[in-house]
Amino acid sequence: MSTISTDEVARVAELARIALKPEEIERFAGELDVIATAVATVSEVATPDVPATSHPIALANVLREDVAGPTLDREELLASAPQAEDGQFRVPQILGEE
């Protein structure tokens, strides 16, 4: 027995202001019925003793520790820059500000 009727699909499409052809309404009613049946099947299996999850495999924090390491020499970097000023890279002005 279908849980999603063509009338419901047509009504929701009208509320969403989506123009659907009669054959599209029929197709969507069938597709939505398959989805509703799948959700009902999962709901039967999901009992209170089964924890809700957002991912099938438990995820852990995979970030590395933030440890300071060796840095590059500022003077060496600025020596290879097209322009440098006051120990910083000099770039063209782009916002038209003074």
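Per chain, the residues get numbers from 1 upward, laid out in the order the sequence is written. It should be noted that, the model being predicted, local features are given only for residues of pLDDT at least 70 and side-chain atom pairs only at 80 or more, the latter also being counted only at that level, while totals for whole chains, interfaces and linings use all residues. To get the side-chain values, take all heavy atoms of the structure and skip hydrogens and water.

1. Digging into a nonpolar patch on the surface
Next up, step 1: A contiguous nonpolar patch, built from Leu72, Leu77, Phe89 and Val91 and spanning about 440 Å² of accessible area, is present on the exposed surface.
Next up, step 2: A run of H or I in DSSP counts as a helix once it spans at least four residues, and a run of E counts as a strand once it spans at least two, with each numbered from the N terminus. With respect to the helices and strands, the residue Val91 is situated in the segment after strand E2 (88-89).
Next up, step 3: Three exposure classes are used, based on accessible area relative to the maximum for each residue type with a 1.4 Å probe and protein chains only: buried under 20%, partly exposed in between, and exposed over 50%. The exposure class assigned to Val91 is exposed, which follows from its relative accessible area of 62%. Here, patches come from residues exposed beyond 30% relative accessible area and free of salt bridges, joined within 9 Å for like charges and within 5 Å for nonpolar side chains (Val, Leu, Ile, Met, Phe, Trp, Tyr). Only the protein chains shown count as cover for residues, and all accessible areas are computed by the Shrake-Rupley method using a 1.4 Å probe. The salt bridge definition used is simple: a Lys or Arg side-chain nitrogen within 4 Å of an Asp or Glu carboxyl oxygen.

2. Re the packing of helix H1 (residues 6-15) against helix H2 (residues 22-45)
Next up, step 1: At a minimum axis separation of 9 Å, H1 and H2 run at an interaxial angle of 105°. In terms of their interaxial angle, H1 and H2 are classed as roughly perpendicular. Between H1, through Thr6, Val9 and Ala10, and H2, the contact on the second element is made entirely by Ile25, Glu26, Phe28, Ala29 and Leu32.
Next up, step 2: Looking at side-chain class alone, the contact of H1 with H2 contains 6 nonpolar, 1 polar and 1 charged residues. Orientation is described by axes fitted as lines to C-alpha atoms, over the contacting stretch for helices, and by angles from 0 to 180 degrees between their N-to-C directions. Note on angle classes: values under 35 degrees are labelled roughly parallel, values over 145 roughly antiparallel, values of 65 to 115 roughly perpendicular, and the remainder oblique. We call two residues contacting when some pair of their heavy atoms lies within 4.5 Å. The nonpolar class holds Ala, Val, Leu, Ile, Met, Phe, Trp, Tyr, Cys and Pro. Asp, Glu, Lys and Arg form the charged class, and all remaining residues, Gly among them, are polar.

3. Thoughts on unusual backbone geometry
Next up, step 1: Look at Arg17: it is not a glycine, yet its phi comes out positive at around 55°.
Next up, step 2: Among the secondary structure elements, Arg17 is positioned in the loop between H1 and H2.
Next up, step 3: By relative accessible area, Arg17 is classed as exposed at 78%.
Next up, step 4: Backbone geometry places Asp86, a non-glycine residue, at a positive phi of 55°.
Next up, step 5: Counting through the fold element by element, Asp86 comes out in the loop between strand E1 (84-85) and E2.

Function cannot be inferred from these measures alone, as they are strictly geometric.
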